[in-house]
Amino acid sequence: MPQAAAGKNDFSKGAVWKNILSLSIPLTVAQLVQLCYNIVDRIYIGHLPGASSLALTGVGLTFPIITVITAFTNLFGSGGAPLCSIARGEGNEERAKRIMGNSFLMLVATGVVLMVLCEVFKKPVLYLFGASDDTYPYAAAYLSVYLLGTIFVMIGVGMNSFISAQGFGKTSMLTVLVGAVINIVLDPVFIFLLDMGVQGAAIATVISQFVSAAWVLRFLTGKKALFRLEVRSLRPDWRLIGRITGLGLSGFTMSVTNGLTQIACNRMLGIFGGDSYIAIMTVLNSVREIFMLPLNGITHGSQPVLGFNYGAKEYGRVRQGVRFTTAVTIIYTVVAWIIVMLIPGVFIRMFSSDASLLENGIESLKIFFFGFFMMAFQVSGQAVFVGLGKSRQAVFFSLLRKAIIVVPLTFILPYIGGLGVTGVFMAEPISNFAGGLACFVTMMCTVYRKMKQEELAHNSAVK
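All figures in this text were calculated on a predicted structure; none of them were measured in a lab.

Caption draft 1: Just the overall build of the protein chain, in detail. Assigned secondary structure in the protein chain consists of 19 helices and zero strands. In terms of overall size, the protein chain behaves like a compact globule, its C-alpha atoms giving a radius of gyration of 22 Å where 463 residues would be expected to give roughly 23 Å. Taken over 463 residues, the protein chain has a buried fraction of 58%. In the protein chain, of all internal contacts separated by at least 6 residues, the share reaching a separation of at least 24 is 84%. For the protein chain, the accessible surface area stands at approximately 18,200 Å², while carbon and sulfur atoms represent 67% of it.

Okay, structure coming up:
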């Protein structure tokens, strides 16, 4: 292992906030560019001449399936990376290698299975999710091509977490930058120049995903990595896979419940508002991604630092990291909420020039984003649970906000007092308040308080 790099990436030394920012800033930049990667397709598709609204609705109907792919990526990527950081903090590099190898093995195997299953059951699933005869052709055209890149996206995103876990934040950022730039350049070529529409957008995405995956594998098998992805570390260790899966269930559950929420919203909006409101929800989810990506950057950047110090029993430094992460996320979400409330029309126009969609979309956006600042408590609490390997708590609070609060409210609220589509959009802010507070208060009263006690006990023993 390169000793100079190992010393540089020792998170038990130096200011905690600097260590977090050393990973978070590159990750945040990467996440902001990832914004373009994720939504540039929708921006171009939303301005297709003649059928922009139907095309945007069709692509929106594929989100639950894409979310399932993301869920399995999180299961093994986000599950393995924090364990890898903890193993590094403990000085157990061999275990860290085996965690990375087993995560890679599961990502590839699951990617193949998902690609086949999603293609086979594509039509009935899309109609179940709210497709109509008008929107299905657009959804099917996009999804059929996108599925060809399933393995690439799972490797590119899932294994990139291990680059961050080793302390190479800038390299992790470049993984996203390379794919995003390629996607942005190729999108207009395939969509407009070659006149391939939504299918062209999917082709551009698959190509960019392939390049990102190749970039990640080149680094993790190269000389710069602290520990490399090797063939011998790919042997299945079912006990280790169980630990990876247990911790990854948090990210998996969050993604799956996001998919369930999208399905529920599309179904209810189709009943009470029709295809145009499904298009609006596609836009709102895209705007939400814009503002969630920096949050993901800071929380994902904090997890390797928290996990490393937790493994090294530096509990005081872990608590410093928790306080810093919470403060930054609160400040950011308050500013983001104010911006959305002041200029909602700007964000709607990014995705569509349809006059009726703009008018209805602005009001829906204001409801959907009400109290967005409460997301700070959800993401910071979740970051601590995941970073410290607290899988049960992480999974529970992932389920609470979406599956237990949002999905039932999405089906119930539209029928109360004639709320209709307004009720669908109200479910999100209600869950932000209830789920966010529950997650953060529990984290502070359990994990944070316990670390304070352990820190005092350690200091007493040293004296």
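Caption draft 2: How the structure looks around the packing of aromatic side chains. On inspection of all chains with the given rule, the structure shows 20 aromatic pairs. Seen in terms of ring centroids, Phe373 and Phe433 are 6.0 Å apart; in terms of plane orientation they differ by 80°. Their pairing is edge-to-face. Of the two residues, Phe373 sits in the loop between α16 (355–368) and α17 (375–387) while Phe433 sits in helix α19 (residues 421–462), which places them 60 residues apart along the sequence. With relative accessibility at 24%, the residue Phe373 sits in the partly exposed group. On the numbers, 5.8 Å between centres and 0° between planes, the contact of Phe385 with Phe397 is stacked. Separated by 12 residues along the polypeptide, Phe385 in helix α17 and Phe397 in helix α18 (residues 391–412) bring together distant segments of the chain. With relative accessibility at 5%, the residue Phe397 sits in the buried group. Taken together, the ring pairs in this structure connect Phe291, Phe347, Phe368, Phe369 and Phe372 into an aromatic cluster.

Caption draft 3: Structural view of the nonpolar core. Met159, Leu269, Phe291 and Phe425 are the most contacted members of the largest nonpolar core, which totals 94 residues. The element best represented in this core is helix α13 (residues 275–311), accounting for 12 residues. Residues Ala394, Leu409, Leu413 and Tyr448 belong to the second largest nonpolar core, which totals 24 residues.

Caption draft 4: Focus on the confidence of the model for the protein chain. On average, residues of the protein chain score 83 in pLDDT, and 92% of them reach the 70 mark or higher. Across the protein chain, the secondary-structure element scoring lowest on mean pLDDT is helix α1 (residues 3–8), at 44, and the one scoring highest is helix α14 (residues 315–342), at 92. With pLDDT under 50 throughout, residues 1–7 is counted as low confidence; its partners more than four residues away or in other chains account for 11 contacts.

Caption draft 5: Region of interest: the side chain of Thr410. Relative to the helices and strands, Thr410 is located in helix α18. Within the structure, Thr410 has its side chain in polar contact with the backbone oxygen of Val406 (distance 2.8 Å).

Caption draft 6: Spotlight on the pattern of salt bridges. Inspection of every chain in the model, using the stated rule, returns eight salt bridges. Note that Arg232 is salt-bridged to Glu230, the shortest N-O span being 3.0 Å. When salt bridges that share partners are traced, they join Glu94, Lys97, Glu230 and Arg232 into one network.

Caption draft 7: Representation of α17 within the structure. When the terminal C-alpha atoms of α17 are compared, their 18 Å separation across 13 residues agrees well with the 18 Å that a helix rising 1.5 Å per residue should span. Burial analysis of α17 places 13 of its 13 residues in the buried class, which makes it a mostly covered element. The first or second residue beyond α17 is Gly389, which carries a positive phi of 80°.

Caption draft 8: Region of the structure containing unusual backbone geometry. A positive phi angle is found at Lys313, which is not glycine, with a value near 60°. By secondary structure assignment, the location of Lys313 is in the loop between α13 and α14. With relative accessibility at 54%, the residue Lys313 sits in the exposed group.

Caption draft 9: Looking closely at the environment of Val283. For Val283, the location among the structural elements is in helix α13. A relative accessible area of 0% places Val283 in the buried class. The residues contacting Val283, other than those within four sequence positions of it, are Leu56, Phe347, Ile348, Phe351 and Leu357.

Caption draft 10: Fine view of the packing of helix α8 (residues 150–158) against helix α11 (residues 197–220). Look at α8 against α11: their axes get within 8 Å of each other, and the N-to-C directions meet at 45°. Classified by the interaxial angle, the pair formed by α8 and α11 is oblique. The two elements α8 and α11 cross, and the hand of that crossing is left-handed. Here α8 contributes Phe152, Val153, Ile155 and Gly156 to the contact with α11, which in turn contributes Val206, Gln209, Phe210, Ser212, Ala213, Val216 and Leu217.

Caption draft 11: The arrangement of the environment of Gln382 in detail. Mapped onto the elements, Gln382 comes out in helix α17. Taking the C-alpha atoms as reference, Gln382 lies 9.4 Å from Gly436; in sequence the two are 54 residues apart. Each residue touching Gln382, except ones within four places of it in the same chain, is listed here: Ser250, Met254, Gln393, Ala394, Phe397, Ser398 and Cys439.

Caption draft 12: Region of the structure containing the packing of helix α4 (residues 63–90) against helix α12 (residues 238–272). Viewed as axis vectors pointing N to C, α4 and α12 meet at an angle of 160°, and their least axial separation amounts to 6 Å. Judged by the angle between their axes, α4 and α12 are roughly antiparallel. The crossing of α4 and α12 is right-handed. Of the residues contributing to the contact of α4 with α12, the split by class is 14 nonpolar, 12 polar and one charged.

Caption draft 13: Representation of the environment of Leu419 in the model. With respect to the helices, strands and loops of the structure, Leu419 is situated in the loop between α18 and α19. Residue classification places Leu419 among the partly exposed residues on the basis of a relative accessible area of 28%. For Leu419 and Phe272, which are 147 residues apart along the polypeptide, the C-alpha to C-alpha distance reads 9.6 Å. Ignoring any residue separated from it by four or fewer positions in sequence, one finds Leu419 in contact with Leu413, Pro414 and Met426.

Caption draft 14: Quick look at a nonpolar patch on the surface. A surface patch of nonpolar side chains, amounting to about 680 Å² of accessible area, comprises Ile331, Val334, Val335, Ile338, Ile339, Leu342, Ile343 and Val346. When residues in the nonpolar patch are grouped by element, the largest group, six residues, is from α14. Residue placement: Leu342 occurs in helix α14. Residue Leu342 is classed as exposed on the basis of its relative accessible area of 65%.

Parameters and conventions
Residues numbered from 1 in each chain as written. Predicted model: local features only at pLDDT ≥ 70, side-chain atom pairs only at ≥ 80, totals over all residues. Heavy atoms only, no water. Helix = DSSP H or I, 4+ residues; strand = E, 2+ residues; numbered from the N terminus. Rg over C-alpha atoms; globule rule 2.2 N^0.38 Å. Buried < 20%, exposed > 50% of the residue type's maximum accessible area, 1.4 Å probe, protein only. Contact = heavy atoms within 4.5 Å. Areas by Shrake-Rupley, 256 points an atom, 1.4 Å probe, with all protein chains shown as cover. Phe/Tyr/Trp six-rings, centres within 6.5 Å; stacked < 30°, edge-to-face > 60°. Core = buried A, V, L, I, M, F, W, Y, C linked by side-chain atoms within 4.5 Å. pLDDT = per-residue confidence, 0-100. Polar contact = N/O pair within 3.5 Å; in protein donor to acceptor, adjacent residues only side chain to side chain. Salt bridge = Lys/Arg side-chain N within 4 Å of Asp/Glu carboxyl O. Expected span 1.5 Å × (residues − 1). Axes fitted to C-alpha atoms, helices over the stretch in contact; angles between N-to-C directions. Parallel < 35°, antiparallel > 145°, perpendicular 65-115°, else oblique. Left-handed = near helix turned anticlockwise from the far one by under 90°. Nonpolar A, V, L, I, M, F, W, Y, C, P; charged D, E, K, R; others polar. Patch = residues over 30% accessible without salt bridge, like charges linked within 9 Å, V, L, I, M, F, W, Y side chains within 5 Å.

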